[in-house]
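Observations on the three-dimensional arrangement
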Amino acid sequence: MHMRATKRATADEAAAIEVRGLTKRYGRTEVLSGLDLSVAAGSVFCLLGPNGAGKTTTVRILATLLRADAGTARVAGHDVVRERRQVRRHISLTGQFAAVDELLTGEENLRTVARLRGLPRAAARSRARSLLDQFALAEAGGRRVATYSGGMRRRLDIAAGLVTPVRVLFLDEPTTGLDPRSRRTMWHLVEELAASGATVLLTTQYLEEAERLADRIAVLDGGRIIAEGTVADLKQRIAGQRLDLTLTDNAAYTRVLGALDDHAAQPDPERLSITVATGGGADGVRALLDAVDPHRVDVARFTVRDATLDDVFLSLTDERPAHV
């Protein structure tokens with residue numbers, strides 16, 4: 001991923017998606033609060049955030065399915081309100097649930113979409129078969145979609161969006177509900193689409209997914225971008241390493257948590273564990289352990305590790321793990 005990201009970052013200056021001051025309310029609830037966003041052409045950009053953060057609302061506005069209350073957005077060089085038809089010619093949208101006809105076969109689904117997009121009958125048949133091959137669905141192309149697995153339906157859904165060439169793909173939590181094997185197949189597919197030069201805007205709650213696929217990540221919370229950058233950038237914001245402490249009992253947990261005060265992260269009383277940001281050096285770790293456990297009776301074990309995207313997410317969203 002990082003080699004691919006470096007090549008694109010130096011080669012592509014234009015923005016495929018440009019958002020300024022986007023605001024959306026439902027009644028008294030403000031879902032988006034002046035959102036600003038810029039996605040470089042040919043990159044994979046991930047919107048990461050808890051439930052209710054505004055991810056799907058953002059995608060629906062950019063895909064011209066929903067109108068913002070304020071602000072502007074341009075996709076593939078076109079305004080999503082004034083030039084809605086032009087935007088739709090250049091985009092593809094795959095949501096959390098596959099929008100395919102279960103009564104038709106896989107090939108019939110693709111041929112139908114191709115015909116609706118204006119392709120002649122022979123060209124529609126050829127394009128459908130080509131996409132079935134590309135998305136590893138050729139053997140299942142003659143079967144009704146009702147017999148497909150969740151991962152197969154999701155691949156067919158994306159294939160349908162690519163019947164005609166597009167410049168920007170919106171993938172709104174495309175791996176929700178998929179088993180680990182299907183999820184990895186989808187990751188490989190997204191990587192191939194990005195390698196072909198398409199711009200991909202991906203929303204997800206899977207932190208591993210964002211770390212695997214994204215050139216840049218924006219953490220969205222409460223309708224605002226609270227952090228943005230590469231995975232390395234975001235990890236650096238909260239210190240490069242973590243010290244995981246496991247305490248001997250409840251009393252030890254309470255003592256160490258009190259000693260750490262505001263420096264404690266991700267406290268877990270059920271597991272008697274606490275995480276602390278650290279530079280990772282031996283002297284610093286030794287000093288911290290001596291400070292919180294001077295008699296060496298409270299800490300049962302400890303581990304020094306690199307910060308993960310989970311650490312970033314929990315830190316930036318005020319450590320509300322119930323949303324993850």
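Coordinates for the structure precede this section.
If you're wondering where the values come from, they're calculated on a predicted model, not measured in any experiment.

What the four strands build is an open sheet, ordered β12-β13-β11-β14; its pairing is antiparallel. Of all strands in the sheet, those bounded by a partner on one side alone are β12 (264-268) and β14 (299-306). Strand-to-strand, the axes of this sheet are offset by a mean angle of 20 degrees, without reference to chain direction.

Time to look at the packing of aromatic side chains. Aromatic ring pairs are described here by two measures, namely the spacing of the ring centres and the angle between the planes. This model, assessed by the stated rule, comprises zero aromatic pairs. The residue whose ring lies beneath R183 is Y206, and the NZ or CZ to ring-centre distance is 3.9 Å.

So, on to the pattern of salt bridges. Taken as a whole and assessed by the stated rule, the structure comprises 16 salt bridges. A salt bridge links D69 to K24, with the shortest nitrogen-to-oxygen separation between them at 3.8 Å. Taken together, the positions of D69 in the loop between α2 (55-62) and β4 (70-75) and K24 in strand β1 (residues 15-26) put the pair 45 residues apart, joining distant regions of the chain. Residue R129 is joined to E107 by a salt bridge in which the shortest nitrogen-to-oxygen separation is 3.2 Å. Placement of the pair is R129 in helix α5 (residues 121-134) and E107 in helix α4 (residues 106-116), with a sequence separation of 22 residues. Judged by its relative accessible area of 47%, R129 is partly exposed.

Turning to the sheet that holds strand β7 (residues 168-172), a few remarks are in order. As summarised here, the arrangement of the six strands in space is β6-β7-β8-β3-β9-β10, forming an open sheet in which the pairing is mixed. The sheet terminates laterally at β6 (91-94) and β10 (224-229), the two strands that pair on one side only. Each neighbouring strand pair of the sheet contributes to a mean axis angle of 15 degrees, computed without reference to strand direction. In this structure, strand β3 (residues 44-48) lies alongside strand β8 (residues 199-204), joined through five bridges in parallel fashion. By the bridge assignment for β8, F45 is matched with L201.

About the cut-offs
Residues numbered from 1 in each chain as written. Predicted model: local features only at pLDDT ≥ 70, side-chain atom pairs only at ≥ 80, totals over all residues. Heavy atoms only, no water. Pairing = 2+ DSSP bridges. Helix = DSSP H or I, 4+ residues; strand = E, 2+ residues; numbered from the N terminus. Axes fitted to C-alpha atoms, helices over the stretch in contact; angles between N-to-C directions. Phe/Tyr/Trp six-rings, centres within 6.5 Å; stacked < 30°, edge-to-face > 60°. Lys NZ or Arg CZ within 6 Å of the ring centre and 35° of its normal. Salt bridge = Lys/Arg side-chain N within 4 Å of Asp/Glu carboxyl O. Buried < 20%, exposed > 50% of the residue type's maximum accessible area, 1.4 Å probe, protein only.

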